[in-house]
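# Tertiary structure, described
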Amino acid sequence: KTNSPLRLIPGTPVAPNPAVTVQEDSATVEIDTGRVQCTIKRNGPHIVESLVVEGREVARRGRLVCTLEDRSQWDASRTIRLEDFSSAVKKVTVEQSGPVRAVVRIEGMHKAEKGAREWLPFTVRLYFHAGQEAIRLIHTIVFDGDDQKDFIRGLGIVFQVPMREQPLN
């Protein structure tokens with residue numbers, strides 16, 4: 001046993017196996033963690049175009065959804081109007097590109113499914129880690145509605161999921 005002081009010196013990091021890879025072009029960003037492959041389009045209604053886990057597509061066309069509860073006629077006629085919105089992606093940025101972690105920032109607006117209104121600017125960050133199936137998603141919104149009549153009734157994300165099993169399952 002020695003009482004000499006300890007020294008901390010820089011070392012050589014060990015590369016993860018498999019490493020996170022990111023491929024970008026003008027239309028898409030593709031991330032591969034070794035277990036998950038995710039395709040993100042740079043614009044359009046979907047924040048995630050395709051999600052493949054160990055060679056099998058598990059989800060596609062993921063989009064943000066929001067239901068607006070309009071109470072502008074509540075005092076006059078006790079009427080509440082509901083309006084559905086979904087994501088409209090405006091900008092996709094790769095903030096970190098591996099080899100241990102990749103981070104993709106997706107920015108856009110919630111656009112009316114019937115009509116032209118856009119509101120609730122959003123930022124979604126997706127975090128991918130080498131060799132992992134889990135994807136961390138952080139969804140941030142800015143409330144830019146009328147605080148007297150625009151109320152958020154629902155807010156979330158919806159994916160289309162391929163049904164491979166028997167209907168009873």
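Below is a summary of the structure that appears in this document. These figures come from a predicted structure and were not determined experimentally.

### As for the packing of aromatic side chains
In this description, an aromatic ring pair is defined by two values, namely the gap between the centres and the angle between the planes. Going through the model one piece at a time under the given rule, you end up with two aromatic pairs. Seen from their ring centres, Phe-85 and Trp-119 are 5.8 Å apart, and the 55° between their planes marks the pair as tilted. Of this pair, Phe-85 sits in strand S6 (residues 81-97) while Trp-119 sits in strand S8 (residues 118-129), placing them 34 residues apart in sequence. Pairing Trp-119 with Phe-143 gives two aromatic rings, centres 5.7 Å apart and planes at 70°, and the pair type is edge-to-face. Taken together, the residues Trp-119 in strand S8 and Phe-143 in the loop between strand S9 (135-141) and strand S10 (150-160) connect sequence positions 24 residues apart. Look at Phe-143 and you get partly exposed, because its relative accessible area is 38%. Here a set of aromatic residues connected by ring pairs shows up, and it is made of Phe-85, Trp-119 and Phe-143. Against the face of Tyr-127 rests Arg-136, its NZ or CZ located 5.1 Å from the ring centre.

### Points about a nonpolar patch on the surface
On the surface, Leu-137, Ile-157, Phe-159, Val-161 and Met-163 cluster together into a nonpolar patch covering about 470 Å² of accessible area. By the element assignment, Val-161 lies in the segment after S10.

### Quick notes on the nonpolar core
If you look at the biggest cluster of nonpolar residues, it comprises 23 residues, and the most contacted ones within it are Val-29, Ile-31, Ile-40, Ile-47, Val-104 and Ile-106. Those elements giving two or more residues to this core turn out to be strand S2 (28-32), strand S3 (36-41), strand S4 (48-53), strand S5 (56-70), S6, strand S7 (101-112) and S8. Here the element with the most residues in this core is S8; it accounts for four residues. If sequence neighbours within four positions are ignored, Ile-40 has contacts with Ala-27, Thr-28, Val-29, Ile-31, Ile-47, Glu-49, Val-92, Val-104, Ile-106 and Leu-126.

### As for the side chain of His-110
Within the secondary structure, His-110 is located in strand S7. Residue His-110 is classed as buried on the basis of its relative accessible area, which comes to 0%. A distance of 2.7 Å separates a polar side-chain atom of His-110 from the backbone oxygen of Leu-120. Once residues lying within four places of it in the same chain are set aside, the contact partners of His-110 are Leu-64, Cys-66, Phe-85, Ser-86, Arg-117, Glu-118, Trp-119, Leu-120, Phe-122, His-139, Ile-141 and Leu-155.

Rules behind the numbers
- Residue numbers run consecutively from 1 along every chain, following the written order of its sequence.
- Given that the model is predicted, a residue must reach a pLDDT of at least 70 before its local features are reported, and side-chain atom pairs must reach 80 or more before they are shown or counted; all residues, however, enter totals for whole chains, interfaces and linings.
- Side-chain numbers come from the whole structure's heavy atoms, not from hydrogens or water.
- For Phe, Tyr and Trp, where Trp contributes only its six-membered ring, two rings pair if their centres lie within 6.5 Å, and the inter-plane angle classes them as stacked under 30 degrees, edge-to-face over 60, or tilted in between.
- Strands here are runs of E lasting at least two residues and helices are runs of H or I lasting at least four, both read from the DSSP assignment and numbered beginning at the N terminus.
- Think of it in three bands: residues with accessible area under 20% of the maximum for their type are buried, residues over 50% are exposed, and the middle band is partly exposed, with areas taken using a 1.4 Å probe on protein chains only.
- Throughout this description, the term charge over a ring refers to an Arg CZ or Lys NZ atom that lies within 6 Å of the ring centre and within 35 degrees of the ring normal.
- Residues with no salt bridge and a relative accessible area higher than 30% make up the patches, which join like charges within 9 Å and nonpolar side chains (Val, Leu, Ile, Met, Phe, Trp, Tyr) within 5 Å.
- Using a 1.4 Å probe, accessible areas were evaluated by the Shrake-Rupley method; residue-level cover was limited to the displayed protein chains.
- The working definition used for a salt bridge is a side-chain nitrogen of Lys or Arg within 4 Å of a carboxyl oxygen of Asp or Glu.
- In this text, buried Ala, Val, Leu, Ile, Met, Phe, Trp, Tyr and Cys residues form a nonpolar core when linked through side-chain atoms within 4.5 Å.
- In what follows, residue pairs with any heavy atoms lying within 4.5 Å of each other are defined as contacts.
- The definition of a polar contact used here is a pair of N or O atoms within 3.5 Å, where within protein one atom must be able to donate a hydrogen and the other to accept one, and adjacent residues in sequence count solely through side-chain atom pairs.

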